[in-house]
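A look at the structure
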Amino acid sequence: MKIHEYQARDLLASAGVPVPPGVMIETFEDAATVYKQVTSEAGTNLAVVKAQVHAGGRGKAGFVKLVRSPDEATDAARFMLTNRMVSNQTGAEGLEVTKLLIAAGVDIAHEYYLAITTDRKTRRNVLIASAEGGVDIEEVAHTRPDAIIREPLHPILGLQAHQARSVAFKLGFKGKQVGQAVKIMTALSKLYIEKDCTLAEINPLITTPPGTPTVPGGSGAGDAPDGQVLAIDAKFNFDDNATFRHKDIQQLFDPAAENPAEMRASRMGLTYIALDGNIGCLVNGAGLAMATMDTIKLEGGEPANFLDVGGSASEEAVTEAFRIILADAAVQGILVNIFGGIMDCAVIAQGIVNAAKEVGFKVPLVVRLEGTNVAAGRKILEQARSEIPTMLPAKDLGDAAKQVTAAVA
Ligand code: GDP
Ligand code: MN
């Protein structure tokens, strides 16, 4: 599960990490008022207007804008709420923006990167840090891996004080900044464990130039002659298998930020993930779904989605699954691959017939059915043949993948 930056900043602030004040808005009419509020709170005229979407690369896409007046704030807000954001993390169609954060802006002396995640290779949580943070961190990781510090966390003790201090020195923090950075690293690693995160990231973590006014929540006003260490962007991902034990995190879930088809599927207990290809897949079982996609790829095709109807889907759920696949304009062919173990083939067959009646299959539909109650399933399909003229039976998975790939070619 992902959350928005404005929620992530609140989470950081509640853990004692200094974050400039900010307010989330949903209409540009609120921009001027909020601009005045956050800038007066921070004692500056600089604010930053930021699109709240579950994708990064906003700065380069023009969806993080520095503003110095209520009018500039309003213009930036209007632009972001009326244009889709296309960044290197969104795909060409981009994302609709419905929420913005207006936060007090800060002067930046230096940008750092700081994150905690799980390293599958060492099976440890790991703190990742770099003195070359900001918008090009992926590039740095790629071209200059030596500029990235990796500090494994002890499974029980977590991030220890000596580790945090050592990382702070390696990052080049000086004087009072060292203690501030250590405090932030410690808070971040605690949050990571306590909230069952899969990623807790601050990018950039910054220092302000010496002598700038301090942001509350840090070491206190007048205490930053060396500049203050602040978080000005944050990202948290949570382990979906653990959100049940975090009511506070569940409340942060924003359905508007999710793929609508994926949300629709999850309400029916289906696991659906939208992909970029043109072959819609309906499969039972995640393993079989992966194998089906592999086989399609082997034949030179591209799956339009991953869809696992599970072992005990109802006829309604199967019909809904077809509705979701057929609603995707990119789908030019469908492959149904069912190996009925717990799943009853007759239920799938009836779902196909229902969907044919309701929406109609205008694209080729290749069906491979095997397993529990397969004879009854085949009979249902046979009897509905005239209603589903685009249906092509397949004898096995390889044959099915060949047929559907040829049909969309
Ligand atoms: P992202 O591009 O989606 O990661 O958005 P960020 O919130 O990280 O902002 C991108 C960049 O905008 C940062 O790396 C900074 O260089 C700049 N930026 C963001 N907020 C401020 C601010 O308050 N003051 C200044 N001077 N620059 C900012
Ligand atoms: Mn960022």
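Quick caveat, the model's predicted, so the values are computed rather than measured. (Residues numbered from 1 in each chain as written. Chains lettered and ligands numbered in written order. Predicted model: local features only at pLDDT ≥ 70, side-chain atom pairs only at ≥ 80, totals over all residues. Heavy atoms only, no water.)

Describing the pattern of salt bridges
Applying the stated criterion to the full structure yields 20 salt bridges. For K99, the salt bridge identified is with D254, shortest N-O distance 2.9 Å. Separated by 155 residues along the polypeptide, K99 in the loop between α4 (70-82) and β4 (100-104) and D254 in the loop between α8 (247-250) and α9 (260-267) bring together distant segments of the chain. The burial state of K99 is the same as that of D254; both residues are buried. Measuring nitrogen to oxygen at the nearest pair gives 3.1 Å for the salt bridge that ties K297 to E302. Of the residues examined, K297 reaches a relative accessible area of 47% and is grouped as partly exposed. Given a relative accessible area of 38%, E302 falls into the partly exposed group. Each of the salt bridges in this network shares a partner with another, and the network as a whole consists of E5, R9, K50, R58 and D233. (Salt bridge = Lys/Arg side-chain N within 4 Å of Asp/Glu carboxyl O. Helix = DSSP H or I, 4+ residues; strand = E, 2+ residues; numbered from the N terminus. Buried < 20%, exposed > 50% of the residue type's maximum accessible area, 1.4 Å probe, protein only.)

Description of helix α6 (residues 161-170)
Listed as buried for α6 are Q163, A164, V167 and A168. Down the axis of α6, the buried side of the element spans an arc of 135 degrees, and every buried residue falls inside it. Turned more than 90 degrees away from the buried face of α6, the exposed residues are F169 and K170. Elements that come into contact with the buried residues of α6 comprise β6 (124-130), β7 (148-152) and α7 (176-194). G172 sits one or two residues past α6 and shows a positive phi near 95 degrees. (Arc of directions from axis to C-beta. Contact = heavy atoms within 4.5 Å.)

Quick look at the sheet that holds β4
What the four strands build is an open sheet, ordered β1-β4-β2-β3; its pairing is antiparallel. Strand pairing shows two members of the sheet lacking a second neighbour, β1 (22-25) and β3 (64-67), which therefore form its edges. Ignoring which end each strand starts from, the neighbouring axes of this sheet average 20 degrees apart. Where β1 lies against β4, four bridges are found, and the strand directions are antiparallel. Looking at β4, one finds that I25 is bridged to L100. The sheet contacts of helix α2 (residues 31-42) involve β1, β2 (47-51), β3 and β4, and relative to β4 the element is tilted by about 30 degrees. (Pairing = 2+ DSSP bridges. Axes fitted to C-alpha atoms, helices over the stretch in contact; angles between N-to-C directions.)

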